[in-house]
Amino acid sequence: MNILKIFLRTAVVVSLMIYPLFLNLLAGTALITGAYNNFEQLIIGEAAYHRYLAMGIAMLLSSALITAAVVLCFIHKKIPAVVLGWSGFFICLAVTLVLRKTALLNGLSDADLVPYADIYMSRHLPTVFCPVLLTVLSIVSCISEKDSLSGAKKKRSG
């Protein structure tokens, strides 16, 4: 059981570094700076500026929530960790779906004609690995704690 917990903790940290702390953090920062630059150059209106700014802040919030969830899981606060992890993922998913819809409506694609809608989903959907791994790690930790408590009770009574 300890080997499984070590593997899950390693996988949680690796998935945290790749998705919430790298891709989502950069996407949130890009949304905020892009909104500011486009508004400053009069490319987008004030309403679009505020919408993109809110999406960027929400993406940064999702990264912060998932990171806090991992920290809470490592200090054995399992239920808050799972709640924060899934909350962060659903915020990320909501922002990604709004970006996807905007890209589909405007027909945006990269130089290779790959639609940005597909790029957004392929880059941000794997963020789900972190909350899933957190949930599995919390369940495994609860089971191993329960087993160790029942073993201690048997030793005292036996």
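Right above here is the structure, for reference.
These numbers come from a predicted model, not from an experiment.

Student: Residue-level account of the overall build of the protein chain, with values.
Tutor: When helices and strands are tallied, the protein chain shows five helices and zero strands. Along the protein chain, helices (α) and strands (β) appear in the sequence α-α-α-α-α when read from the amino end. In terms of C-alpha radius of gyration, the protein chain reaches 20 Å, well past the compact-globule figure of 15 Å for 158 residues. Once the C-alpha set of the protein chain is aligned to its principal axes, its extents read approximately 80 × 30 × 20 Å.

Student: Before we move on, can you summarise the nonpolar core with the specific residues and values?
Tutor: With 14 residues, the main nonpolar core has Val12, Val70 and Leu134 as its most contacted residues. By residue number, the principal contributor to this core is helix H5 (residues 129–157), which donates five residues. When neighbours within four sequence positions are excluded, leucine 134 is seen to be in contact with Val12, Ala69, Val70, Cys73, Ala81, Val82 and Gly85. Counting 13 residues, the second-largest nonpolar core is a separate cluster that includes Leu31, Ile44, Ala58 and Leu99.

Student: Give me the packing of helix H2 (residues 46–74) against helix H3 (residues 78–106): which residues, what numbers.
Tutor: At a minimum axis separation of 8 Å, H2 and H3 run at an interaxial angle of 155°. With respect to each other, H2 and H3 are oriented roughly antiparallel. The interaxial crossing formed by H2 with H3 has left-handed handedness. Among the residues making up the contact of H2 with H3, the classes are represented as 20 nonpolar, six polar and no charged.

Student: Which residues make up H3, and what values go with them?
Tutor: For H3, built from 29 residues, the straight-helix expectation of 42 Å at 1.5 Å per residue is met to within 8% by its first-to-last C-alpha distance of 42 Å. Taken residue by residue, H3 has Lys78, Ala81, Gly85, Gly88, Phe89, Cys92, Val95, Thr96, Leu99, Thr102 and Ala103 as its buried positions. Glycine 107 lies just past H3 and shows a positive phi near 65°.

Calculation criteria
Residues numbered from 1 in each chain as written. Predicted model: local features only at pLDDT ≥ 70, side-chain atom pairs only at ≥ 80, totals over all residues. Heavy atoms only, no water. Helix = DSSP H or I, 4+ residues; strand = E, 2+ residues; numbered from the N terminus. Rg over C-alpha atoms; globule rule 2.2 N^0.38 Å. Core = buried A, V, L, I, M, F, W, Y, C linked by side-chain atoms within 4.5 Å. Buried < 20%, exposed > 50% of the residue type's maximum accessible area, 1.4 Å probe, protein only. Contact = heavy atoms within 4.5 Å. Axes fitted to C-alpha atoms, helices over the stretch in contact; angles between N-to-C directions. Parallel < 35°, antiparallel > 145°, perpendicular 65-115°, else oblique. Left-handed = near helix turned anticlockwise from the far one by under 90°. Nonpolar A, V, L, I, M, F, W, Y, C, P; charged D, E, K, R; others polar. Expected span 1.5 Å × (residues − 1).

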